[in-house]
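Remarks on the overall topology
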Amino acid sequence: MSRLGVKERIVVGAHYGFRDWLVQRVTAILMLVYTVALLVLLISIPSTHEAWRTLFGHLSVKVFSLITFFALLWHAWVGIRDVWMDYIKPVGLRLTLHVLTLVWLLAALIYAVDVLWSV
Amino acid sequence: MGNKMHKKVRPKHLDLTKIRIPVPGQVSFFHRVSGVLMFILLPFALYLLKLSLSSPTVFASAHTFFTHPLIKLMSLALMWAFLHHACAGIRFLLLDVHKGIDLKTARASAYAVFGVSIVLTLILGSLVLL
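Criteria and cut-off values
- Residues numbered from 1 in each chain as written.
- Chains lettered and ligands numbered in written order.
- Predicted model: local features only at pLDDT ≥ 70, side-chain atom pairs only at ≥ 80, totals over all residues.
- Heavy atoms only, no water.
- Helix = DSSP H or I, 4+ residues; strand = E, 2+ residues; numbered from the N terminus.
- Rg over C-alpha atoms; globule rule 2.2 N^0.38 Å.
- Buried < 20%, exposed > 50% of the residue type's maximum accessible area, 1.4 Å probe, protein only.
- Contact = heavy atoms within 4.5 Å.
- Areas by Shrake-Rupley, 256 points an atom, 1.4 Å probe, with all protein chains shown as cover.
- Buried area = accessible area lost by both parts, 1.4 Å probe.
- Salt bridge = Lys/Arg side-chain N within 4 Å of Asp/Glu carboxyl O.
- pLDDT = per-residue confidence, 0-100.
- Polar contact = N/O pair within 3.5 Å; in protein donor to acceptor, adjacent residues only side chain to side chain.

Take the overall build of chain B next. Counting its regular elements, chain B contains five helices and zero strands. Going from the N terminus to the C terminus, chain B shows its helices and strands as α-α-α-α-α. Taken over the C-alpha trace, chain B has a radius of gyration of 21 Å; the compact-globule value for 130 residues is 14 Å, which it surpasses by more than 25%. Summarising its shape, the C-alpha atoms of chain B cover approximately 80 × 35 × 20 Å along the three principal directions. Expressed as a percentage of its 130 residues, the buried residues of chain B come to 28%. Summarising the internal contacts of chain B: among those between residues at least 6 apart in sequence, 78% fall at separations of at least 24.

See below:
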């Protein structure tokens, strides 16, 4: 029986398994719940621009939206990182892409806060 | 053992023009494609939300934004990516809990993912963009 020692550990820039698998599913379910909730709300309000703006004026909707956006970012991070790990073999280039992915997602988060709190 | 003369000649690379991936595999492939597409279109999606939440005067002039063919294409791509990713995702979640795991059902649900997401994209696209 052999186990990977510290020396043989392969640098992939990620953890090794179950946590990410679980994160991907929990965040997916949260986003599905948000989608259904938003659809129900959309049906229940009058179909006017004013009603749509009023809906997103509520703090509870902003908070629920932002929490779901956090889930989206985490979900996207795991997914995109998997893509880099599958196709980009040079370690330096791969880790650079990981960092750029994080920067892209962080920028999106700041923009999302700006959009949500503009109403 | 170790007779090199009988060693099979195996392809050294995968010939993508010859590989026929089964439909469940194609769902999986496009799940990845749609995910990457949404990752790229993330700022665009947020901009659409911003536009929808803008003041009545700005909102009134927003429809000119959607007359541009590239914007229509990006919106349609975003709709399809979301719908395919969501449908395929629901299918994967069900497979995780061993629902519809036999070959016949799994194949049928794979076809359903493609069908439902394309039809919904066309309906939503024609409602919003035409």
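Once the structure has been displayed, the description carries forward.
The next subject is the overall build of chain A. What chain A contains, in helices and strands, is four helices and zero strands. Shown N-terminal to C-terminal, the secondary structure of chain A runs as helices and strands in the order α-α-α-α. The buried share of chain A, taken over its 119 residues, is 34%. For chain A, the exposed surface amounts to about 7,800 Å²; the carbon and sulfur share of it is 75%.

A word on the interface of chain B and chain A. Counting residues at the interface gives 21 residues for chain B, matched by 29 residues for chain A. Area buried by chain B at its contact with chain A is led by Arg32(B), Phe39(B) and Leu53(B), which between them contribute 33% of it. For the pair chain B and chain A, the number of links is three salt bridges. Linking Lys50(B) and Asp114(A) is a salt bridge whose minimum nitrogen-to-oxygen distance equals 3.4 Å.

In this section: the confidence of the model for chain B. Residues of chain B with pLDDT of at least 70 account for 95%, and the chain-wide mean is 91. Per the prediction output, this complex has pTM 0.87; the corresponding ipTM is 0.86.

Note that His85(B) resides in helix H4 (residues 69-96). Taking the relative accessible area as the measure of exposure, His85(B) reaches 15% and is therefore buried. Here Gly35(B) takes part through its backbone nitrogen, which lies 3.4 Å from a polar atom of the side chain of His85(B). In contact with His85(B), not counting residues within four places along its chain, are His75(A), His31(B), Ser34(B), Gly35(B) and Met38(B).

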